[in-house]
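Chains, contacts and geometry: an overview
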Amino acid sequence: AAHVDRKQQDAIRVLRGQLPITRDDAGHPAAKAIRTGKPQVRYQVSGGGSQGATLNDAHLRLAAQLGARSAVFLPLVARGRVLGVLTLGQVEHRYAPGDVIFLQEFARRAALALDNAGLYEAEQRERRAAEEAADRARRLQIVTAALSSAVTPAQVADAVLGQGVDALEAIVGVMTRLTEDGYTLEIVGSRGLAPG
């Protein structure tokens, strides 16, 4: 969200915070753009005409403060799916029908870029998840190798805690086991605890 006049940035922030628009907000043109996939144009945003472009009286006052004379709500459509809405307000003059054709093409390109950015983010998330899974598998292999030569409980604890505390980025680790009576835990080994 931005305004050509930097002095209006506070009003933009307030307006942005008041816009939990859903596709079911029947009277709002952005919601209608989402539902229909077609641009919604308010050639004149002033007086009674602005009511359909706002959610409530406070929103109406902010729109007036921003000085919008005309507004267009363009669905952002990529791969047959509406991703959102690009809302543009004009303060110098009113949008004309011919402007909407250009703005639709602008919105189409913005939607493709937004979709591509989403695909890139998804690919990066998948790559990070794969790297984390490979790192966990590598850590398990190290612990398994260390455990293969452990023959006493203390050696098991040493292998598990020696590798596990670092691998799990823990600051402390304690391995206990039940004593023969089945009620008491005894410490087999620890890492990160102060002695004593």
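A quick note: this is a predicted structure, and the numbers were derived from the prediction, not measured.

Side note on the pattern of salt bridges
- Summed over the entire model, instances satisfying the criterion amount to 9 salt bridges.
- Between R139 and D135 there is a salt bridge; the shortest N-O distance is 3.1 Å. Of the two residues, R139 and D135 both sit in helix α4 (residues 97–148), 4 residues apart, roughly one turn of that helix.
- Take R139: its relative accessible area is 24%, and that puts it in the partly exposed class.
- Salt-bridge contacts for R191 lead to D158; the nearest nitrogen and oxygen are separated by 2.1 Å.

A closer look at a nonpolar patch on the surface
- A contiguous nonpolar surface patch, about 490 Å² in accessible area, is contributed by I171, V172, V174, I187 and L193.
- By relative accessible area, L193 is classed as partly exposed at 45%.

Some details on α4
- Taking 1.5 Å per residue, 52 residues should reach 76 Å; α4 reaches 76 Å between its end C-alpha atoms and fits that length.
- Those residues of α4 not exposed but buried are V100, L103, A107, A111, D115, Q124 and V143.
- Close packing links the buried residues of α4 with β1 (40–42), β2 (70–78), β3 (81–90) and α5 (153–167).

Definitions and limits used
- Residues numbered from 1 in each chain as written.
- Predicted model: local features only at pLDDT ≥ 70, side-chain atom pairs only at ≥ 80, totals over all residues.
- Heavy atoms only, no water.
- Salt bridge = Lys/Arg side-chain N within 4 Å of Asp/Glu carboxyl O.
- Helix = DSSP H or I, 4+ residues; strand = E, 2+ residues; numbered from the N terminus.
- Buried < 20%, exposed > 50% of the residue type's maximum accessible area, 1.4 Å probe, protein only.
- Patch = residues over 30% accessible without salt bridge, like charges linked within 9 Å, V, L, I, M, F, W, Y side chains within 5 Å.
- Areas by Shrake-Rupley, 256 points an atom, 1.4 Å probe, with all protein chains shown as cover.
- Expected span 1.5 Å × (residues − 1).
- Contact = heavy atoms within 4.5 Å.

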